Amino acid sequence: MTVTSPHKRKDALTAKVASIAGVQTRVLECPGSGPTVLLLHGFSDSADGWRDVLGELAKSGHHGVAVDLPHFGRAGRPTSSSVFAGLDEFVEAAVREYDTGQGVVLVGNSIGGLAALRAARRTDLPIVSVLAIGPAGLIVPWWMTALSRARPVLDRVLAVPSPALVRGTVAGPAIMGSLFARAVASGHLSARAKSRYASHWGPGDLRRQLVLGGQTLAELADPHALDNAEFQMPVTLAWGDKDWICSPRAGARLQQLHPDVRLRSIAGSGHCPQYDNPNVVADLIRKCTGPTTDSTQATDNKGTTP
């Protein structure tokens, strides 16, 4: 891996450009000790979505790293026949790179959560535990199936010359930030969070993301997106109790196949709890880095405090 241009932001996180698995990307990092907490965001998001969680981890002295996944944020746009095959390769390289000798706690949201669960099947990676938050692909909702079936039509529509909004305009990023807030948190995201999300949208990105989304939906509809292979380390699944994008029912289904999986619900959160409840997410992460303690606002699958 190559690293260039480190610098400090006002929030004291280190931001740098790096090359991981041949993909140029951006890395946000807070110094600390213990296992490295490696944070993977979801579709169309970026490492910026983890800034508040990294801030919480820094307060407790945990080493945290968030990366822009391929195709998103400021990362490169590699050509690949499979979105998840590319993610698997990228996550493997990132885990190996940021392991400092004490292992890695792998945390992912949405498609990042599915990527983390796919990595949890590996016996050759230094992963000590996995926390998947609202992981995609465990249950395919009706709207995802409908969009996947409509992909040929959508592909033809996207091939037509697009209006200014699709190409990207001055107002485009603000609109995308508002739409993202509506999708993941019923519109209740701070102006700063929406601004962070929208900051990576530019001309042509909406069309590109829609095309990539069609490919991703097709792969998520594959029942083998996550097979029944045994997890090789402790796995915790967490959902915001207001998540309508990836159903919390998927956790109970996965737990039937893997009884040792722990389930957690985050009260008042939508699909991306790292935005609206970063302190609770950070607390769940801390529990994955060492012995379990009994202080969290998250509840287990029986509705009791873990």
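- In the nomenclature of an unreviewed UniProt entry, the protein chain is known as Alpha/beta fold hydrolase of Antrihabitans spumae.

A closer look at the pattern of salt bridges
Alright, step 1. A full pass over the atoms with the stated rule returns 13 salt bridges.
Alright, step 2. Here Lys-59 and Glu-56 are joined by a salt bridge, their closest N and O atoms 3.3 Å apart. Of the two residues, Lys-59 and Glu-56 both sit in helix H1 (residues 51–59), 3 residues apart, roughly one turn of that helix.
Alright, step 3. The partner of Arg-96 in a salt bridge is Glu-92, with the nearest N and O atoms 3.4 Å apart.

Thoughts on the packing of aromatic side chains
Any pair of aromatic rings gets described here by the distance separating the centres and the angle formed by the planes.
Alright, step 1. All chains considered together, the criterion is met by 3 aromatic pairs.
Alright, step 2. Taken together, a centroid distance of 5.1 Å and an interplanar angle of 70° make the contact between Phe-43 and Phe-72 edge-to-face. Remark: Phe-72 occurs in the loop between strand E5 (62–67) and helix H2 (83–98) and Phe-43 occurs in the loop between strand E4 (33–40) and H1; sequence separation between them is 29 residues.
Alright, step 3. Overall, Phe-43 belongs to the partly exposed group, its relative accessible area being 26%.
Alright, step 4. We classify Phe-72 as buried; its relative accessible area is 3%.
Alright, step 5. Both rings, one in Phe-180 and one in Tyr-275, keep their centres 5.5 Å apart while their planes meet at 70°; by these two values the pair is edge-to-face.

Notes on empty space enclosed by the protein
Alright, step 1. For the structure on display, the rule yields 1 cavity of 30 Å³ or more.
Alright, step 2. There is about 70 Å³ of room inside the largest cavity.
Alright, step 3. Contributing to the lining of the largest cavity are 13 residues, with Ser-44, Gly-73, His-200, Trp-201 and Gln-209 lying nearest its centre.
Alright, step 4. A total of 3 residues in the lining of the largest cavity trace back to one element, the largest contributor, which is helix H9 (residues 205–220).

What to know about the pairing of strand E7 (residues 127–133)
Alright, step 1. Here E7 lies mainly inside the structure; 6 of its 7 residues are buried.
Alright, step 2. Relative to E7, strand E6 (residues 104–109) is paired through 6 bridges, and the arrangement is parallel. Note on E7: the bridge partner recorded for Gly-108 is Ala-132.
Alright, step 3. Note on the crossover from E6 through helix H3 (residues 111–119) to E7: the handedness is right-handed.
Alright, step 4. Pairing of E7 with strand E8 (residues 235–240) involves 4 bridges; the strand directions are parallel.

With respect to the side chain of Ser-269
Alright, step 1. Mapped onto the elements, Ser-269 comes out in the loop between strand E9 (262–266) and helix H11 (273–276).
Alright, step 2. Looking at Ser-269, the relative accessible area reads 0%, which means it is buried.
Alright, step 3. For Ser-269, the contacting residues outside a window of four places in its chain are Gly-240, Asp-241, Lys-242, Asp-243, Asp-276 and Asn-277.

Some thoughts on helix H12 (residues 278–289)
Residues that lie three or four places apart on an α-helix share one face, since the helix turns once every 3.6 residues.
Alright, step 1. A rise of 1.5 Å per residue sets the reference length of H12, with its 12 residues, at 16 Å; its end C-alpha atoms lie 17 Å apart and thus fit the reference within 8%.
Alright, step 2. For H12, the buried fraction is high: 10 of the 12 residues fall into the buried class.
Alright, step 3. Taken together, the buried positions of H12 are Pro-278, Val-280, Val-281, Ala-282, Asp-283, Leu-284, Ile-285, Lys-287, Cys-288 and Thr-289.

Calculation rules
- Residues numbered from 1 in each chain as written.
- Predicted model: local features only at pLDDT ≥ 70, side-chain atom pairs only at ≥ 80, totals over all residues.
- Heavy atoms only, no water.
- Salt bridge = Lys/Arg side-chain N within 4 Å of Asp/Glu carboxyl O.
- Helix = DSSP H or I, 4+ residues; strand = E, 2+ residues; numbered from the N terminus.
- Phe/Tyr/Trp six-rings, centres within 6.5 Å; stacked < 30°, edge-to-face > 60°.
- Buried < 20%, exposed > 50% of the residue type's maximum accessible area, 1.4 Å probe, protein only.
- 1 Å grid on protein atoms, 1.4 Å probe; cavity = no way out; pocket = protein on both sides within 12 Å on 5 of 7 lines; lining within 4 Å.
- Points joined across faces, edges and corners; volume = space filled by probe spheres on them.
- Pairing = 2+ DSSP bridges.
- Right-handed = clockwise from strand over helix to strand, strands pointing away.
- Contact = heavy atoms within 4.5 Å.
- Expected span 1.5 Å × (residues − 1).

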